[in-house]
Amino acid sequence: MSEPATVPPADKSMDELVALCKRRGFIFPASEVYGGINGFWDYGPLGTDLKNNLRDAWWNDLVRSPPAGPDGQPLSLVGLDSSIIQNPRVWEASGHVGGFNDPMQTCRQCKKLFRADHVPDMLSESDWPKAAADAAGVDPAGTELTPDVDGLRKWAQRKAKKVAPGLALVRDPDNVLTAMGSSLGSFAGLLAALATPPGEEAATPCPACGGDLTAPRQFNLMFETFVGAVRNEDARAYLRPETAQGIFLNYRNVLDTMRVKVPFGIAQIGKAFRNEVTPRNFIFRSREFEQMEVEWFCHPNDAQTWYEFWCAHRREWWQGLGLSAENLYLRSHDADELAHYAKDGCGTYDIEYRFPFTAPGYGELEGVAHRSDFDLRQHQEHSGTKMEYFDQERNERYIPHVIEPSAGLSRGVLALLCEAFTPDPERPSKVYMRFHPRVAPIQAAVFPLVNKDGMPEVAAKLYNDLRGTWKTQLDVKQTIGKRYARMDEAGTPFCFTIDGDTLQDQTVTVRHRDSLQQERIGIDRVREFLTERL
Ligand code: GAP
């Protein structure tokens with residue numbers, strides 16, 4: 001059966017994907033009836049199933065049935081579910097109180113906040129810089145630009161008042177244009193000149209309104225709360241910004257109770273919270289999200305081998321769930337990006353995915369970090385509890401080194417949604433979701449062609465037979481075309497239709513979502529058909 005060609009990420013519209021997610025019950029803005037709350041999202045019925053399927057696939061493939069390691073033997077991994085709120089000293093030891101900061105800039109005009117390193121991208125995505133380039137008659141990619149001063153003055157007095165009211169050019173056109181000079185170098189230089197109030201140092205323009213941004217200030221990303229009835233310094237606590245620390249805190253408990261030996265891993269899935277300065281790109285960067293993390297404890301001499309193993313394994317795993325090889329990329333962190341725990345010279349690899357909003361580039365999906373003995377040593381020093389391990393085979397006492405594959409569950413859902421989203425003008429739905437059958441929220445649908453003549457009873461019997469094994473939906477409403485369209489948007493790989501012939505010859509029509517091919521199989525072969533494919 002021929003499979004249709006894949007659609008390049010750059011040709012997929014995020015607006016259309018977000019609209020489909022809302023329309024079909026994958027993801028809704030949180031608190032929508034109150035106008036929403038920036039950086040928070042709710043998962044609807046289909047989104048919850050999609051997320052649970054991804055979560056279960058990860059848990060199954062790492063904890064229930066771990067992969068084979070470099071020596072061909074299954075790895076030793078155990079699960080954990082630690083508390084979101086821990087003793088605040090945990091976050092001092094981990095370095096998050098002192099070092100988990102992002103540089104933040106505020107617009108002096110519209111008061112919006114921005115993450116400093118996001119501003120250049122946001123400027124290139126926003127509309128007013130393009131309008132300014134048109135008014136100035138310059139090519140944004142050019143150098144040594146000579147802007148059209150009259151064009152800019154006219155723009156400042158009319159359209160710019162709406163699209164970029166914060167620009168110094170709009171507030172004081174004559175003085176800004178006089179101070180600007182005639183040749184400005186790059187387009188970034190021109191935008192800065194338009195945003196700089198007369199007599200002041202060159203400003204970074206606000207992506208939203210063109211106003212001037214403050215110098216970057218460090219902003220801690222942890223959400224704070226208070227434990228107990230009294231709100232004072234002693235009661236201050238934090239919502240965890242990563243699930244990892246809960247694992248380090250329980251490393252001793254697991255060693256003492258589970259008879260595990262180094263090398264072994266502890267896996268955890270759960271919520272993490274970060275007060276992101278600029279949450280954006282749908283669920284890509286949100287303030288509440290879920291992570292799937294493994295801390296892999298090993299002998300320091302073996303850490304590099306395990307690091308390479310985990311990088312390769314994790315990339316392959318995402319591919320096995322349907323992310324195409326050409327949309328995945330393994331990128332080594334630059335020295336200036338390394339987290340405070342990353343080991344010198346080893347660092348972190350990101351498994352990146354080509355999202356529609358990053359294409360042709362990539363965005364982080366999972367990080368694989370070499371954390372050395374940083375965290376265990378920090379907790380040993382701060383808590384006074386020994387974190388050493390006695391290795392009987394080597395007759396050696398040491399603090400294990402840690403390799404950490406840390407994936408975003410929420411971001412994984414976004415990657416699956418982006419990969420699956422396939423525009424197809426030939427279909428009634430104009431789009432279908434090409435999920436890998438393992439993660440599809442509905443794996444099989446059963447339709448009686450018409451809601452009479454004994455067909456609903458046969459359909460209900462088949463549905464009852466399948467639903468205990470696969471996520472199955474029985475749909476009896478509207479025309480068969482509309483039912484197929486609904487299942488295409490939900491990404492259901494197989495639909496089984498009971499029609500008049502079924503009652504005669506005990507066969508049903510199977511419709512394949514991707515190829516649209518239809519075939520007839522015996523109703524008694526449906527289970528076998530699904531077992532082979534799911
Ligand atoms: N324990 C290591 C750690 O937390 P990280 O790179 O900060 O490392 C790991 O986060 C993964 O968590 C990322 O690769 C990403 O998939 C996900 N993630 C991080 N911040 C996120 C956010 N604000 N929204 C959604 N997912 C996020």
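See the structure printed just above.
Now for a look at the structure at hand. (Residues numbered from 1 in each chain as written. Predicted model: local features only at pLDDT ≥ 70, side-chain atom pairs only at ≥ 80, totals over all residues. Heavy atoms only, no water.)

**Some details on the nonpolar core**
The tendency in soluble globular proteins is for nonpolar side chains to be buried as a group.
Reasoning step 1: Of all hydrophobic cores here, the largest spans 63 residues; its most connected members are Trp310, Trp318 and Leu417.
Reasoning step 2: Each residue touching tryptophan 318, except ones within four places of it in the same chain, is listed here: Leu54, Met292, Leu323, Leu328, Ile351, Leu365, Glu366, Ala407, Gly408 and Gly412.
Reasoning step 3: In this structure, Leu152, Val170, Ala195 and Leu213 belong to the second largest nonpolar core, which totals 34 residues. (Core = buried A, V, L, I, M, F, W, Y, C linked by side-chain atoms within 4.5 Å. Buried < 20%, exposed > 50% of the residue type's maximum accessible area, 1.4 Å probe, protein only. Contact = heavy atoms within 4.5 Å.)

**A closer look at the sheet that holds strand E11 (residues 328-332)**
Reasoning step 1: Spatial ordering of the open sheet is given by E3-E9-E10-E16-E13-E12-E11, a layout of seven strands whose pairing is mixed. Of all strands in the sheet, those with a lone pairing partner are strand E3 (77-80) and E11, marking the two edges. Direction aside, the axes of adjacent strands within the sheet are offset by 20 degrees on average.
Reasoning step 2: With six bridges joining them, strand E10 (residues 288-298) and strand E16 (residues 401-408) adopt antiparallel strand pairing. Within E16, the residue paired with phenylalanine 297 across the bridge is valine 402. (Pairing = 2+ DSSP bridges. Helix = DSSP H or I, 4+ residues; strand = E, 2+ residues; numbered from the N terminus. Axes fitted to C-alpha atoms, helices over the stretch in contact; angles between N-to-C directions.)

**A few points about the packing of helix H12 (residues 244-258) against helix H14 (residues 374-383)**
To describe two helices that pack against each other, one gives the angle between their axes and the distance between the axes.
Reasoning step 1: The geometry of H12 relative to H14 is characterised by a closest axis approach of 10 Å and an angle of 65 degrees between their N-to-C directions. Pair H12 / H14 crosses with right-handed handedness. Only Asp375, Leu376 and His379 of H14 make contact with H12, whose side of the interface consists of Gln245, Phe248, Leu249 and Tyr251.
Reasoning step 2: In terms of residue class, the contact of H12 with H14 is made up of four nonpolar, two polar and one charged. (Left-handed = near helix turned anticlockwise from the far one by under 90°. Nonpolar A, V, L, I, M, F, W, Y, C, P; charged D, E, K, R; others polar.)

**With respect to the packing of helix H6 (residues 127-136) against helix H11 (residues 187-195)**
Reasoning step 1: Two elements in contact, H6 and H11, have axes separated by 11 Å at closest approach and are oriented at 95 degrees. Considering their axes alone, H6 and H11 lie roughly perpendicular with respect to each other. Counted together, Trp128, Pro129, Ala132, Ala133 and Ala136 of H6 and Phe187, Leu190, Leu191 and Leu194 of H11 form the full contact between these two elements.
Reasoning step 2: Within the contact of H6 with H11, the residues separate by chemical class into nine nonpolar, no polar and no charged. (Parallel < 35°, antiparallel > 145°, perpendicular 65-115°, else oblique.)

**Some words on the packing of aromatic side chains**
Aromatic ring pairs are defined here through the distance separating the ring centres and the angle between the ring planes.
Reasoning step 1: The tally for this structure, following the rule as stated, stands at 22 aromatic pairs.
Reasoning step 2: Taken together, a centroid distance of 6.4 Å and an interplanar angle of 35 degrees make the contact between tryptophan 58 and tryptophan 59 tilted.
Reasoning step 3: Assessed through its relative accessible area of 24%, tryptophan 59 is described here as partly exposed.
Reasoning step 4: Put simply, the rings of Phe248, Tyr251, Phe264 and Phe297 touch in pairs and so form one group of aromatic residues. (Phe/Tyr/Trp six-rings, centres within 6.5 Å; stacked < 30°, edge-to-face > 60°.)

**Section: helix H1 (residues 14-23)**
Reasoning step 1: Burial in H1 covers these residues: Met14, Leu17, Leu20 and Cys21. The buried residues of H1 occupy one face: seen down the axis, they fall within an arc of 120 degrees.
Reasoning step 2: Where H1 is buried, its residues touch strand E1 (27-29), helix H15 (409-420), strand E17 (421-423), strand E18 (431-433) and helix H17 (480-490).
Reasoning step 3: For H1, the N-terminal capping position is held by serine 13, with its side-chain oxygen 3.3 Å away from the main-chain nitrogen of aspartate 15.
Reasoning step 4: Where H1 ends, the next residue or the one after it, glycine 25, has phi of about 80 degrees, a positive value. (Arc of directions from axis to C-beta. Polar contact = N/O pair within 3.5 Å; in protein donor to acceptor, adjacent residues only side chain to side chain.)

**Notes on the pattern of salt bridges**
Pairing between side chains becomes possible if they bear opposite charge and their charged atoms approach one another.
Reasoning step 1: As enumerated under the stated definition, the model contains 36 salt bridges in all.
Reasoning step 2: Aspartate 475 is the salt-bridge partner of arginine 486, the closest N and O atoms lying 2.8 Å from each other. Of the two residues, arginine 486 is situated in helix H17 and aspartate 475 in the loop between strand E20 (472-474) and H17; the sequence distance between them amounts to eleven residues.
Reasoning step 3: Relative accessible area serves as the criterion here: at 9%, aspartate 475 is assigned to the buried category.
Reasoning step 4: The closest approach of N and O atoms between arginine 513 and aspartate 514, which form a salt bridge, is 2.6 Å.
Reasoning step 5: By relative accessible area, arginine 513 is classed as buried at 3%.
Reasoning step 6: What emerges from the salt-bridge pattern is a single network uniting Asp102, Arg115, Asp117 and Glu276. (Salt bridge = Lys/Arg side-chain N within 4 Å of Asp/Glu carboxyl O.)

**With respect to the site of the ligand**
Reasoning step 1: Around the ligand, the surrounding shell holds 20 residues, and the nearest of these are Glu242, Arg274, Ser286, Glu293 and Glu364.
Reasoning step 2: One of the side-chain nitrogen or oxygen atoms of arginine 274 is found 2.8 Å away from an oxygen atom of the ligand.
Reasoning step 3: The side chain of glutamine 291 places a nitrogen or oxygen atom 3.0 Å from an oxygen atom of the ligand.
Reasoning step 4: For the ligand, whose unbound accessible area comes to 550 Å², protein coverage reaches 92%.
Reasoning step 5: When contributions to the shell around the ligand are tallied by element, the ones reaching two or more residues are E10, strand E13 (363-372) and E16. (Near = heavy atom within 4 Å. Areas by Shrake-Rupley, 256 points an atom, 1.4 Å probe, with all protein chains shown as cover.)

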